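Examination of the molecular architecture
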Amino acid sequence: MNINRQLTGNHMGNTHEEQIQCLQPLEPGVVQLVQITDCHIFATADEKLRGVDTRLSFEAVKKGVINNAGGLDLLLATGDLAEDGSADAYRYLAAQFDDFDAPTFWLPGNHDDSETMTQHFVGQRISATRQILAGDWLILLLDSTIAGEVYGRVADTQLDFMAAALNQYAHKHALVCLHHQAQQSGSEWIDEKGLRDDQQLRARLALHDNVRAVLWGHVHQEARQTIGGVEWMSTPSSCIQFKPNSKEFALSDEAPGYRHLRLKADGSVETAVHRIDRE
Ligand SMILES: [Fe+2]
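Per chain, residue numbering runs from 1 following the sequence as it is written. With the structure being a predicted model, the display of local features is reserved for residues of pLDDT at least 70 and the display and counting of side-chain atom pairs for 80 or more, all residues being used for whole-chain, interface and lining totals. With hydrogens and water stripped out, all remaining heavy atoms of the structure feed into the side-chain values.

**Observations concerning the pairing of strand E11 (residues 230-234)**
Most of E11 is tucked away: 5 of the 5 residues are buried. Examined bridge by bridge, strand E10 (residues 223-227) and E11 share 5 bridges and lie antiparallel to one another. Bridge pairing links Arg 224 to Met 233 in E11. If you look at the hairpin formed by E10 and E11, you'll find 2 residues sitting between the two strands, and Gly 228 has a positive phi there, around 55°. Per-residue accessibility, obtained with a 1.4 Å probe over protein chains only, is compared with the maximum for each type, and a residue is labelled buried under 20%, exposed over 50%, and partly exposed between these values. Secondary structure counts use DSSP, requiring at least four H or I residues in a row for a helix and at least two E residues in a row for a strand, with both numbered from the N terminus. Here, a strand pair is defined by DSSP locating no fewer than two bridges between the strands.

**Section: the packing of aromatic side chains**
Two measures describe an aromatic ring pair: the distance that separates the ring centres and the angle between the ring planes. Any Phe, Tyr or Trp ring, taking Trp's six-membered ring, that has another such ring centre within 6.5 Å forms a pair; planes under 30 degrees apart are called stacked, those over 60 apart edge-to-face, and the others tilted. In total, this model carries 7 aromatic pairs according to the counting rule given. Ring geometry for Phe 97 against Phe 121: centres 5.5 Å apart, planes inclined by 80°, an arrangement best described as edge-to-face. Here the residue Phe 97 occupies a position in helix H2 (residues 87-97), and Phe 121 occupies one in the loop between helix H3 (114-120) and strand E5 (126-127), the gap between them amounting to 24 residues. Taken individually, Phe 97 and Phe 121 each receive the classification buried, so the pair is uniform in this respect. Both rings, one in Trp 189 and one in Phe 242, keep their centres 4.9 Å apart while their planes meet at 70°; by these two values the pair is edge-to-face.

**Some points on the coordination of the iron ion**
Note that water is not among the atoms used; donors are N, O and S atoms within 2.8 Å of the metal (3.2 Å for Na, K and Ca), so sites may look incomplete. Protein ligation of the iron ion involves Asp 38 (OD), His 40 (NE2), Asp 80 (OD) and His 220 (NE2), the donor distances falling in the range 2.1 to 2.4 Å. For the iron ion, the 4 donor atoms in the first shell make angles of 89 to 176° at the metal, so the coordination geometry reads as irregular. Expressed as a motif, the donor residue spacing for the iron ion is D-x1-H-x39-D-x139-H. With Asp 80 in the loop between strand E3 (74-77) and H2 and His 220 in the loop between strand E9 (211-216) and E10, this pair connects stretches of sequence that are 140 residues apart. In terms of burial, Asp 80 and His 220 fall into one category: buried. For four-coordinate sites, all angles between 85 and 135 degrees define a tetrahedron; for four- and six-coordinate sites, opposite donors beyond 155 degrees with the remaining angles between 65 and 115 define square planar and octahedral shapes respectively, and all other cases count as irregular.

**A look at the pattern of salt bridges**
Salt bridge criterion: a side-chain nitrogen from Lys or Arg within 4 Å of a carboxyl oxygen from Asp or Glu. Throughout the structure, instances matching the rule amount to 13 salt bridges. Among the salt bridges present, the one from Glu 17 reaches Arg 130, with a minimum N-O distance of 3.9 Å. Separated by 113 residues along the polypeptide, Glu 17 in the segment before strand E1 (20-23) and Arg 130 in the loop between E5 and strand E6 (131-134) bring together distant segments of the chain. By the burial criterion, Glu 17 is buried, and Arg 130 matches it.

**Regarding the nonpolar core**
Joining through side-chain atoms within 4.5 Å is the link that ties buried Ala, Val, Leu, Ile, Met, Phe, Trp, Tyr and Cys residues into a set, and such a set is a nonpolar core. Core analysis: the biggest nonpolar cluster contains 33 residues, and Leu 142, Met 162, Leu 178, Leu 201, Leu 205 and Val 214 have the highest contact counts within it. Those elements that place two or more of their residues in this core are strand E7 (137-141), helix H4 (156-168), strand E8 (173-177), helix H5 (188-191), helix H6 (198-206), E9 and E11. Whether two residues are in contact is decided by their heavy atoms: any pair within 4.5 Å suffices. Leaving out residues up to four positions away in the same chain, Val 214 has contacts with Leu 175, Val 176, Leu 178, Ala 182, Leu 205, Val 230, Glu 231, Trp 232 and Met 233. Counting residues in each nonpolar core, the second largest holds 29 residues, with Val 34, Leu 72, Ala 77 and Phe 100 among its members.

**Considerations on the side chain of Glu 83**
Of note, Glu 83 is situated in the loop between E3 and H2. Lacking a salt bridge, the buried Glu 83 has Arg 50 as its closest oppositely charged neighbour, with an N-O distance of 7.9 Å. N or O atoms closer than or at 3.5 Å make up a polar contact, with two conditions inside protein: a donor-capable atom paired with an acceptor-capable one, and, for residues adjacent in sequence, both atoms drawn from side chains. In this structure the side chain of Glu 83 is engaged in a polar contact, spanning 2.6 Å, whose partner is the side chain of His 40. Think of it this way: Lys and Arg go in the positive column, Asp and Glu in the negative one, and His and the chain ends go nowhere.

**Brief notes about helix H1 (residues 54-68)**
A helix is expected to reach a length of 1.5 Å times the quantity of its residues less one. An ideal rise of 1.5 Å per residue puts 21 Å on 15 residues; H1 measures up with 21 Å between its terminal C-alpha atoms. Buried within H1 are the following residues: Thr 54, Arg 55, Ser 57, Phe 58, Ala 60, Val 61, Lys 62, Gly 64 and Val 65. If you follow the buried residues of H1, they end up packed against strand E2 (30-36), E3, H2 and strand E14 (257-264). Sitting at the amino-terminal end of H1 is Asp 53, which places a side-chain oxygen 3.0 Å from the backbone nitrogen of Arg 55.

**Some words on the packing of H4 against H6**
Each axis is a line fitted through C-alpha atoms, taken for helices only over the stretch in contact, and angles between the N-to-C directions span 0 to 180 degrees. Look at H4 against H6: their axes get within 10 Å of each other, and the N-to-C directions meet at 20°. As summarised for this structure, H4 and H6 are arranged roughly parallel, according to the angle between their axes. Between H4 and H6 the crossing geometry is right-handed. On the side of H4, the interface is formed by Asp 156, Leu 159, Asp 160, Met 162 and Ala 163, while H6 contributes Gln 200, Leu 201, Arg 204 and Leu 205. Angle categories are assigned with fixed cut-offs, so that under 35 degrees is roughly parallel, over 145 is roughly antiparallel, 65 to 115 is roughly perpendicular, and the rest are oblique. In this scheme, a crossing is called left-handed if the near helix is turned counterclockwise away from the far one by less than a right angle; it is called right-handed if the turn is clockwise.

**A few points about unusual backbone geometry**
Even without a glycine there, the phi angle at Asp 80 is positive, about 50°. For Asp 80, a relative accessible area of 2% corresponds to the buried category.

**Some points on the packing of H1 against H2**
Contact geometry of H1 with H2 gives a least axis separation of 11 Å together with a crossing angle of 15°. As the angle between them shows, H1 and H2 are arranged roughly parallel. Read as a crossing pair, H1 and H2 show a hand that is right-handed. Across the interface between the two elements, Arg 55, Phe 58, Glu 59 and Lys 62 from H1 touch Tyr 92, Leu 93, Gln 96 and Phe 97 from H2. Gly is put with the polar residues, along with every residue not named as nonpolar or charged; the nonpolar set is Ala, Val, Leu, Ile, Met, Phe, Trp, Tyr, Cys and Pro, and the charged set is Asp, Glu, Lys and Arg. Broken down by class, the residue content of the contact of H1 with H2 amounts to 4 nonpolar, 1 polar and 3 charged.

Printed below as a string of structure tokens:
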């Protein structure tokens, strides 16, 4: 295993936000990563989400990443990793994510239990660090969850954490990640369960001219738009998909998937969603 694949050089802090992980990209001039989101894993293997075996579906996505994504510098797991917030779900996921030959960084979703996740979603290459410096890029992971609620909010403390990091590393291009949608999805029912303060988040992001991309999960569907030179992106779930542009809750029969990103030295982003056939 390449030394860069291990979580070395972590500047430890008291909180996930105070910690910084520095990574040396495998390929000079580009940071390569995969986002996996909304895995909704249960404590036991026989529980299903709307008829879908979320473990099997996750394992198919994992296989797709390992076989097709090529050399990665890191993975991002952007929340709702567990359906039930159980220790057993996180222990299963930790073993699964440790199969990747690159470190995984995570943030919680509304279905997650942050405390249980911190305690049990642990492995050699799994980190709760919320700031990553990789090549020419700064990657920030924000916590948009409110305990007991489906909707989200980026608390002032998280906004201040984001602003401080964006100022400190103003010479780096920045990718900002969170669980809830930073832009409306167009599906009324899930937008009602989105961020309560999305305008405030966007206003705070707009104060920094190094923000190149914002990435989230929660909506279980693919989207990408460029606004003001910033890429705004959502990514399919590794299990069930929600029907785009639906007023009421509705599922789509699209396949599960993940997003591959190449963050380039000039601040541009190459990205594609890859779908996986369930076996
Ligand atoms: Fe979800």
